[in-house]
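The chain contents come next:
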Amino acid sequence: MISCRSGAAHALRGATLALALAGALVAPPLRAREMTDASNAAAVKKPNVVILATGGTIAGAGADAANSATYTAAKVPVDKLIAAVPQVSTIANVRGEQVFQIASESFTDAQLVQLGKRVSALLKQDDVDGVVITHGTDTLEETSFFLDLVVKSDKPIVVVGSMRPGTAISADGALNLLDAVTVAASKEAIGKGVTVTMNDTIQSGRDVNKRTNVVPSAFYSQWGPLGMVIEGKTYFVRSLAKRHNSSSEFDIDTIDSLPLVGIVYGSGNMIPGVYDAEVQAGAKAIVNAGTGNGSVAGYLVDKLKDIRSKGTIVIRSSRVPDGLVLRNAEQPDDKYDWVVAHDLNPAKAKILAAVALTKTQDTKELQRIFWEY
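Residues numbered from 1 in each chain as written. Predicted model: local features only at pLDDT ≥ 70, side-chain atom pairs only at ≥ 80, totals over all residues. Heavy atoms only, no water.

(A) Local environment of the environment of Leu240. Along the chain, Leu240 falls in the loop between strand S10 (233–236) and strand S11 (261–265). The exposure class assigned to Leu240 is buried, which follows from its relative accessible area of 11%. C-alpha separation for the pair Leu240 and Gly205, spaced 35 residues apart in sequence, amounts to 9.6 Å. Aside from chain neighbours lying at most four places away, what touches Leu240 is Asp148, Lys192, Ser204, Arg206, Asp207 and Leu226. (Helix = DSSP H or I, 4+ residues; strand = E, 2+ residues; numbered from the N terminus. Buried < 20%, exposed > 50% of the residue type's maximum accessible area, 1.4 Å probe, protein only. Contact = heavy atoms within 4.5 Å.)

The following block contains the structure:
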């Protein structure tokens, strides 16, 4: 016979076990709850993005909402740019710095170096996950390529501008800025090189060129975009094949100034004295923006050979937007000791030449650099 006391004990143990089993069904084990809490915390944590403002149309203002092409650039400070797009705070923890407040056609080499050093310093910080640079569109492609060459970090660097001021009815700057922060905060953008995010597309800063001056779809690459931004999500479809950022042999931390590189634009009836003026101004290299396949007029060949023989580097590029300048096809580049710019337009060839000349003046090394970057 079982005593009443013994029966009560069995009943109590049974009730306790039942409660424990019921609790296990309702609440996950402690370890599982800890993992869930950590996962939720990680989901809530947002990337840290710094916006470096330099001016340009994206910071411009016009006298009338109907003015999309007549306005004053570089008027709106970075804090107001950010405040005008409150949605960025849902994507990242954003803070801004006003580096310059100029139209981009006024950029100098000294300002390129200053900007590059600031970007490099920020990306060395553990609490910075990406950088956005607001920039005027006139020289945006040059700054983008420069940063692609000299900032040794795989963290996202996004350059963004707008074709219309914020005061225009059809202003494109707010969405461009939102998309730029989206890309800078995206893990998919890590290692992709400097990007230009405008008009819903993600372009390579190395490849992209400004093709028109009046519509939002101004930036284009002959090799196509890297991807798109659609409703707050990045979609990458290709990667940059050329050396960039952490794979680059150049480092902005060791560059304090850039040698002068000139551009002479090719056309009919060229003036040979223009080349002499570039040399006299101190140009260490001259980019010949030739016609067609980087063509050099017959009456200019001796002038360029003479310039090269006296120490100035000659680089054949083309004024044609797309295609490649082929070595030894239009001119005997090996014989004349000239360099070809490959697929880089004259402005980008100038940037790469200036950066490369901080390391070497050997034309074989310079040609290698133009093949690899």
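(B) Structural detail: the sheet that holds strand S13 (residues 313–318). Taken in spatial order, the 4 strands of this open sheet run S11-S12-S13-S14, and their pairing is parallel. Pairing within the sheet leaves two strands with one partner each, and these edge strands are S11 and strand S14 (339–340). In this sheet, strand S12 (residues 285–290) lies alongside S11 in parallel orientation, the contact comprising 5 bridges. Bridge assignment links Val264 to a residue of S12, and that residue is Asn288. (Pairing = 2+ DSSP bridges.)

(C) Spotlight on the side chain of Thr139. Mapped onto the elements, Thr139 comes out in the loop between strand S3 (130–134) and helix H5 (140–150). Taking relative accessible area as the criterion, Thr139 reaches 13% and is therefore assigned buried.

(D) Spotlight on helix H8 (residues 301–309). All of the buried residues along H8 are Val301, Leu304, Ile307 and Arg308. On an axial view of H8, the arc spanned by its buried residues comes to 130°, and they lie on one face. Residues Asp302 and Ser309 are exposed on H8 and point more than 90 degrees away from its buried face. For H8, the elements touching its buried residues are helix H7 (273–280), S12, S13, helix H9 (333–336) and helix H11 (363–372). Positive backbone phi, approximately 115°, marks Gly311, located one or two places after H8. (Arc of directions from axis to C-beta.)

(E) Structural context of the layout of surface pockets. Roughly 320 Å³ of volume is contained in the largest pocket. Along the walls of the largest pocket sit 17 residues, with Glu141, Asn209, Asn345, Pro346 and Ala347 positioned nearest its centre. Counting only elements with at least two residues in the lining of the largest pocket, the list comes to H5, strand S7 (209–210), S11 and helix H10 (346–356). Looking at the lining of the largest pocket residue by residue, the class counts come to 7 nonpolar, 3 polar and 7 charged. In this model, the second largest pocket occupies a volume close to 260 Å³. Around the second largest pocket, the lining residues are Lys45, Lys46, Pro47, Ile91, Asp129, Lys155, Pro156, Ala184, Ala185, Ser186, Lys187 and Ile190. Among the residues making up the lining of the second largest pocket, the classes are represented as 6 nonpolar, 1 polar and 5 charged. (1 Å grid on protein atoms, 1.4 Å probe; cavity = no way out; pocket = protein on both sides within 12 Å on 5 of 7 lines; lining within 4 Å. Points joined across faces, edges and corners; volume = space filled by probe spheres on them. Nonpolar A, V, L, I, M, F, W, Y, C, P; charged D, E, K, R; others polar.)

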